[in-house]
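# Examining the three-dimensional arrangement
Here is what each chain is made of, one letter per residue.
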Amino acid sequence: MSEDRVPTVTAHEVVEAFVARGATAATAESLTAGLVAAALADVPGASGMLRGGVVSYASAVKASVLGVSPELLARAGSVDADVARQMADGARRVCGADYGVATTGAAGPEAHDGKPVGTVFVAVSGPAGSAVHAYAFDGDRAAIRRAATEAALAALLDALRDASPGTGAETGSEL
C-alpha cells in the first residue's frame, strides 16, 4: 500500500462539481457502511447527483447485489483491489449512475481476510473505466473509517475532474 496521504476534499465540493457537470454517482460501501453516501447526502442539493448506495458489509451481498465474483471473494477475500473495482462497477450499474465509488478494507480492531488493520481499497468506476487506490491507514476503527470516507470523496472528485468537461465521461481507459 503506497497511498497514505489523501487530499482534503469536502462532500460539498464533490456535490457541487457533480451537479455542475450534470453527472451522477452511487456508492458501494463495506467498511464505511454508508458514511460516504451520508456525507454526500448531508449537502443541500445532493439529490441532483446522488443516485443511491449499497451497504455491502457481507460478502454474500457483495456477490448477490453488486455482482462481485463469488470465486474472487472465495480466493482473495473481501479486502481486495479487484473486489473494490467490482463493487464500484456494481454500484454504478445497480443505481444507474455515471460513477460508482466503493470502499472495502479492514477497520479493526483485528485483521480481516488476512489483511492488516488499516488496509483499505477505494475504487471508482466511470463511463470509460475504473481506478483502484490502495491505502494503509493508521488509527483506531473510527479513524480508519473516516480516512476511507475522505479517500472515497477525493477519488470521486478526481475521477470527475479527469473527465471531459461537460460530458461526465472520462477521456482515457482508466480514471
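Residues numbered from 1 in each chain as written. Predicted model: local features only at pLDDT ≥ 70, side-chain atom pairs only at ≥ 80, totals over all residues. Heavy atoms only, no water.

Below, the discussion takes up the packing of aromatic side chains. One pass over the structure, following the stated rule, counts two aromatic pairs. Consider the rings of Phe18 and Tyr99, whose centres lie 5.5 Å apart with planes at 80 degrees: the pair is edge-to-face. Here Phe18, found in helix 1 (residues 11-21), pairs with Tyr99, found in strand 3 (residues 99-105); they are 81 residues apart in sequence, far enough to count as distant. Given a relative accessible area of 0%, Phe18 falls into the buried group. Pairing Tyr135 with Phe137 gives two aromatic rings, centres 4.9 Å apart and planes at 10 degrees, and the pair type is stacked. Comparing Tyr135 with Phe137 shows no difference in burial state: the two are buried. (Phe/Tyr/Trp six-rings, centres within 6.5 Å; stacked < 30°, edge-to-face > 60°. Helix = DSSP H or I, 4+ residues; strand = E, 2+ residues; numbered from the N terminus. Buried < 20%, exposed > 50% of the residue type's maximum accessible area, 1.4 Å probe, protein only.)

Predicted confidence across the protein gives a mean pLDDT of 92, with 90% of residues reaching 70 or more. Note that pLDDT drops below 50 for residues 166-175; the model gives that stretch 36 contacts with residues more than four away or on any other chain. (pLDDT = per-residue confidence, 0-100. Contact = heavy atoms within 4.5 Å.)

Packed helix pairs are characterised by how far apart their axes lie and by the angle those axes make with each other. At a minimum axis distance of 9 Å, the contact between helix 1 and helix 6 (residues 141-161) shows a crossing angle of 25 degrees. In terms of axis orientation, helix 1 runs roughly parallel to helix 6. Considering how the two elements wind past one another, helix 1 and helix 6 form a crossing that is left-handed. Counting all contacts with helix 1, which are made through Ala11, Glu13, Val14, Ala17, Phe18 and Arg21, the residues of helix 6 involved are Leu153, Leu156, Leu157, Leu160 and Arg161. (Axes fitted to C-alpha atoms, helices over the stretch in contact; angles between N-to-C directions. Parallel < 35°, antiparallel > 145°, perpendicular 65-115°, else oblique. Left-handed = near helix turned anticlockwise from the far one by under 90°.)

Moving on, we get to the sheet that holds strand 2 (residues 50-55). With mixed pairing, five strands are arranged side by side in an open sheet as 2-1-3-4-5. Each edge of the sheet is formed by a strand with only one pairing partner; in this case those strands are strand 2 and strand 5 (129-136). With direction set aside, neighbouring strand axes in the sheet form an average angle of 15 degrees. The sheet contact formed by strand 1 (residues 25-29) and strand 2 spans five bridges and is parallel. When the sheet's bridge partners are listed, Thr27 is paired in strand 2 with Gly53. Strands in contact with helix 6 are strand 1, strand 3, strand 4 (119-126) and strand 5; relative to strand 4, the strand with the most contacts, it is inclined by about 25 degrees. (Pairing = 2+ DSSP bridges.)

Moving on: the nonpolar core. Among the nonpolar cores identified, the biggest contains 36 residues, and Val14, Phe18, Leu40, Tyr99 and Leu156 are the most heavily contacted of them. Elements that contribute at least two residues to this core include exactly helix 1, helix 2 (35-41), strand 3, strand 4 and helix 6. Examining the composition of this core, we find that twelve residues originate from one element, helix 6, more than from any other. Beyond its immediate sequence surroundings of up to four residues, Val14 is in contact with Val9, Leu40, Met49, Leu153, Leu156 and Leu157. If you look at the next biggest cluster of nonpolar residues, it comprises 19 residues, including Ala26, Val54, Val83 and Cys95. (Core = buried A, V, L, I, M, F, W, Y, C linked by side-chain atoms within 4.5 Å.)

Counted residue by residue, strand 1 has five buried out of five residues, so it is predominantly covered. Residues Ala25, Thr27 and Glu29 line one face of strand 1 and the alternating positions Ala26 and Ala28 line the opposite face, and both faces are buried. Between strand 1 and its parallel partner strand 2, the chain crosses via helix 2, and the hand of that crossover is right-handed. Alignment of strand 1 against strand 3, held across five bridges, turns out to be parallel. Paired with Ala25 across the two strands is Tyr99, which belongs to strand 3. (Right-handed = clockwise from strand over helix to strand, strands pointing away.)

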